[in-house]
Every structure is written in structure tokens, then in C-alpha cells.
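Okay, here's what each chain looks like letter by letter:
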2 protein chains.
Amino acid sequence: MPKRKEKKISESTIHRLSIYYRLLSALEKEGAATVSSRELAKKEKLTPAQVRKDLSFFGSFGTRGLGYPVKELREKIAKILGLNRAWNVAVVGIGNIGSALVSYKEFQRQGFFIRAIFDNDLRKIGSGHKGVAVSDVKNLREELKANAVDLAIISVPASAAQALVDEVVAAGVRAILNFAPISLKVPDNVSLRNENMSMELEQLSYFLVNGNG
Amino acid sequence: MPKRKEKKISESTIHRLSIYYRLLSALEKEGAATVSSRELAKKEKLTPAQVRKDLSFFGSFGTRGLGYPVKELREKIAKILGLNRAWNVAVVGIGNIGSALVSYKEFQRQGFFIRAIFDNDLRKIGSGHKGVAVSDVKNLREELKANAVDLAIISVPASAAQALVDEVVAAGVRAILNFAPISLKVPDNVSLRNENMSMELEQLSYFLVNGNG
DNA sequence: GAATGTGAAGGTTTTCACAGCA
DNA sequence: TGCTGTGAAAACCTTCACATTC
């Protein structure tokens, strides 16, 4: 069996893959057959070399002299990112942010389907959000398993987040998107991303004070 | 006049400053007087050297053998990030996400005050959200100026985003947080950050498919 | 001719390791 | 002794430049 070449792909490359995916989806809709690294780069203020290098980590998708085939490249990237399948998502905490996420149509469009919603507020439990019933957070573990949830979104207050994440991890979920403004501890085999909107504003605040550049 | 030493501070450092700020706020509430780089690092899975290096770009805030004074360091970072003052924020587009942001208490807590809300939906215009009236997006430019808005949050569909951002920039706003899943063009003197929640899930999807690490 | 794919160069960020100070 | 502050080294990421292919 040939040994797989174990190249470490950087987070920035994965992030840009996501960007290319969005650009290619748009190009495909417009009917473009091919696109060059230069064209892709210009749309996002990247360099052509960066685009080519990013793609080259995963294979040789282009044709010299011509560029990349839009449809095929989009499909290849979809496969790399795992977007060629549906993912089951749970939203833990259906407050302001949780509600907004449940209604966010972009998720479905990219193959992320919200299968379960949890809260600890008795007034919310049992009610429906976009066709999904709100479950008692006490049943978190069983229901995550019952719904084969792949990915959990944590949108509860900071004080409640770690305990719930521990439950989520215990249920076997291996990817977590955290909106609580706190640093969560997860085992090494679990992926965690933090979305802290105050911190985004703070970055902007820094540039307002210190100049942008 | 002494020439200011022009050191370029990396985005990662600014991002971590925001993290330190949060940790220090918590430590201050707990009554801690000092904290070492090792303690700060451990809470966020960073290295002590990283913490010290980050802080050293802005001055020598610590005491050898002792660590950093919690209260003073928090105040210093607040000043660096521009959090020692209030910022006027506008929310452009009061759909699911816009509504959630207006209700997000963390913003106020960090000194970001929502002073204006805009939409193009006549049913929404005139209604109030958390004490702020929704204005017609047609009046964007005047109202941004009238409210001395420093920072705009774009939470409209992708198709409407660029035109509105052009207006926002024309009104003199120099910092934009964009939730629309599209790449926006702004002049060099305007700071732009993108918050694309689908892309966050796509990063997680990649790690689910390819393994985490 | 046009554009990819990729080693090598260049640049940036992180980590090391230790002098220096409380 | 304990911990900071910081040059130097190492690791990492981006850009260059060109051989290669269509």
C-alpha cells in the first residue's frame, strides 16, 4: 500500500478554500467554464500564486495555458471540505443568537441541517422553530445520538457553556462552533471554533484608534 | 520631536490582546492582583513566551519575578484596543441576524452602543428595537452622520451589501463588520471584517472529514 | 502565448533560551 | 528564586520566478 504523503495543510489554506468554493459557485451559476488563478485572486485581493499553491496541496486541478475548470474545481473543493454531503447540526441554546442561526438559510444551502434544538427554559421547550421542536437540555446526550448530530452550535451564556460542551463531547460530537464569550476546553480529537462578535468589534476598534494599516 | 518607532503589529497579536482583555476582566472580578504569563497562557492554550512577546510590543507592563498587575494591564489593553471609550454602532438590515445583534448584551458591556438601525422593509421602519427606532435605509447617509456612527454592522442579503457599504463609507464610517456572505470592496482607509458563519461550519466540516490535527 | 505547478527565496510569526531585575 | 523582556533561532506562510504543458 502506498504511504499517503502527510502534508500539513494550514488553517489559512482551508479558510481560503472556503472562499474559492463560494467564488466558484457564483461563477458556475454565471455559466463560466474555466477560471484562472489570476481571476480568482483578483476577486479577493489575493495573489495568483497563493491560489495556485493552495490548490496544489490537494492535486493538479488546472490545465496549463487555460486555467481551472469551474464545475470540476468546485466539486473537488466540495469534496475536500466535506460539502458533498449533508451534516446534522444541533443548536444548544435558543436565545437571540440561536434563533437567528436556526432561521439562517445559508446553512441549509451549504448542506448544514439543523436537526435538534435545546434549551433549559420551560417556556421554550416543546415549541417549534422552523419545524424543529425545542428539547429539554436535560435530554441533550440521548437526543444528539438519536439524531446522529455531527456538529453542535453553542449559543448559551458563558456561564453554562463548558458544562454543556462536556455533554456534547460525551455524546460523541466532534465539531463545535461556540458563540459563548469564553474559552472552552475540549479533547484533542474535537474541533472547536469560536465566534466572538464582541471580539470582532474590538479588532475594528483597535484599527479606528490606531489607524488601519 | 522624537520619531515614533513604527512597529507593525500583527492581526494575531491584536486578536490575542482581545483574549487577554477578557481573561484579565475575569481575573479582576475574582480579585486577583497579579498574573503571570504562564497563567494567562494556560487558560488559552498559548505559550508564555507568546503572551510576553505580544505585550512587549506595547510596553513593559510586568514586574520580573512577580508577573503582571491585573487591573493595570487590563486598563492598558483597554486603551490599546480603544475600549476605554464608547463607540456608536449602526446595524444595517434588521433581519434574523440584525435583530439578534441588537439584543446582544455583550456589545454594550464592551462599550459598543447601537445608535441606529436601518432596513428597507416598510413594515419594520418606524418600529422600535431595544429603544432604537428602525430608519428607512434611504436616509442612511444623513442618519449615520447625525448619530456620529463610528462602526457599521452589515446584516443584509449578499445582493444588497455592496451598495449599502458604499453608502456607509461615503458617510465617513471607517469600520465595518460584515455578515453578508460576499466579499466587499472598501477603500484602504476603511477597516473591514467578515463574519461568515457558513464558512465557520465549513472549516469544521473539513476537520470532520480529514481529521483534526 | 497563456497559465499551471512548484522549488527556492523572502517575509512573518512563534518559540527558544537566557540576561536582567525584583 | 521567579518571572519578565527580548535578541536569535526555528517554524511557518507567502511570493517569486521559471520550467512545463496545453
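In what follows, the structure referred to is the one given above.
Below or above, wherever it landed, is the structure these notes cover. (Residues numbered from 1 in each chain as written. Chains lettered and ligands numbered in written order. Predicted model: local features only at pLDDT ≥ 70, side-chain atom pairs only at ≥ 80, totals over all residues. Heavy atoms only, no water.)

**Some remarks on the pairing of strand E3 (residues 87–92) of chain A**
Residue and element names in this part refer to chain A. The test is simple: Only protein chains enter the area calculation, which uses a 1.4 Å probe; residues under 20% of their type maximum are buried, those over 50% are exposed, and those in between are partly exposed. Counting from the N terminus, the helices are DSSP H or I runs at least four residues long and the strands are E runs at least two residues long. Paired strands, as defined in this entry, are two strands with at least two bridges between them according to DSSP.
Of all six residues in E3, six are buried, a share of seventy percent or more. In E3, alternate side chains face the same way, and those of Trp 87, Val 89 and Val 91 on one face and Asn 88, Ala 90 and Val 92 on the other are all buried. Pairing geometry for E3 and strand E7 (residues 151–154), over four bridges, is parallel. Residue pairing for E7: Val 91 is matched across the bridge by Ile 153.

**Focus: the pairing of strand E6 (residues 132–136) of chain A**
On a regular strand, each side chain points to the face opposite its neighbour's, so the side chains alternate between the two faces of the sheet. Residue and element names in this part refer to chain A. Counting buried residues along E6, four of its five residues qualify, which places the element largely inside the surrounding structure. Alignment of strand E4 (residues 112–119) against E6, held across three bridges, turns out to be parallel. Bridge pairing links Asp 119 to Asp 136 in E6. Examined bridge by bridge, strand E5 (residues 128–129) and E6 share two bridges and lie antiparallel to one another. The residue bridging Gly 128 from the neighbouring strand is Ala 133, located in E6. Linking E5 back to E6 in an antiparallel pair, the connection comprises two residues, with Lys 130 at a positive phi of about 55°.

**Structural notes on the relation of the copies chain B and chain A**
For clarity, the threshold we go by: Here the copies are matched by least squares. The fit uses the C-alpha atoms of residues with pLDDT of at least 70 in both. In what follows, a contact means two residues having at least one pair of non-hydrogen atoms within 4.5 Å.
Mapping chain B onto chain A leaves a residual RMSD of 0.1 Å; the transformation is a rotation of 180° accompanied by 0.0 Å of translation along its axis. Read as a symmetry element, the transformation amounts to a two-fold axis. For chain B, the minimum C-alpha distance to the rotation axis belongs to Ala 100 of chain B and amounts to 3.2 Å. The share of interface residues of chain B whose copies in chain A are also at the interface is 98%, consistent with both copies meeting through the same surface.

**A short note on the sheet that holds strand E7 (residues 151–154) of chain B**
Residues and elements named next belong to chain B. Taken in spatial order, the seven strands line up as E5-E6-E4-E3-E7-E8-E9 in an open sheet, and their pairing is mixed. Edge positions in the sheet fall to strand E5 (128–129) and strand E9 (191–194), since each of these pairs with one other strand and no more. In the sheet, strand E8 (residues 175–178) pairs with E9 via four bridges, with the strands oriented parallel. Following the sheet pairing, Asn 178 is matched in E9 by Asn 194.

**Regarding the sheet that holds strand E8 (residues 175–178) of chain A**
All names here are of chain A. Quick reminder of the rule: What counts as an axis is a line fitted to C-alpha atoms, over the stretch in contact for a helix, and the angles between N-to-C directions run from 0 to 180 degrees.
In spatial order, the strands read E5-E6-E4-E3-E7-E8-E9; together these seven strands make up an open sheet with mixed pairing. The two strands at the open ends of the sheet, each matched to only one other strand, are E5 and strand E9 (191–194). Bridge count for E3 against E4 is six bridges, and the pairing is parallel. The partner of Val 92 across the bridge, within E4, is Phe 118. The sheet strands contacting helix H8 (residues 158–170) are E3, E7 and E8, and the helix crosses E7 at an angle near 170°.

**Here's the deal with the interface of chain B and chain A**
Here is the rule: A simple way to read buried area is as the amount of 1.4 Å-probe accessible surface that goes missing from two parts once joined, with both sides added. Throughout this description, the term salt bridge denotes a Lys or Arg side-chain nitrogen within 4 Å of a carboxyl oxygen of Asp or Glu.
Taken together, the 64 residues of chain B in the interface contact 64 residues of chain A. Both faces combined, the contact of chain B with chain A buries some 6000 Å², and carbon together with sulfur accounts for 60% of it. Across the chain B-chain A interface, the total number found is four salt bridges. When residues in the side of chain B that touches chain A are grouped by element, the largest group, 14 residues, is from helix H9 (residues 197–210) of chain B.

**With respect to the packing of aromatic side chains**
Residues and elements named next belong to chain B. The line we're drawing: In summary, the pairing rule links any two rings of Phe, Tyr or Trp, Trp by its six-membered ring, whose centres are within 6.5 Å, and it sorts them by plane angle into stacked for under 30 degrees, edge-to-face for over 60 and tilted for everything else. Geometrically, a charge over a ring is one whose NZ (Lys) or CZ (Arg) sits within 6 Å of the ring centre while staying within 35 degrees of the ring normal.
Scanning all chains against the criterion turns up four aromatic pairs over all chains. Centre to centre, the rings of Tyr 206 and Phe 207 are 5.3 Å apart; their planes meet at 80°, and the pair counts as edge-to-face. Here Tyr 206 and Phe 207 have matching classes, each one buried. Between Arg 85 and the ring centre of Trp 87, over which it is positioned, the NZ or CZ distance is 3.5 Å.

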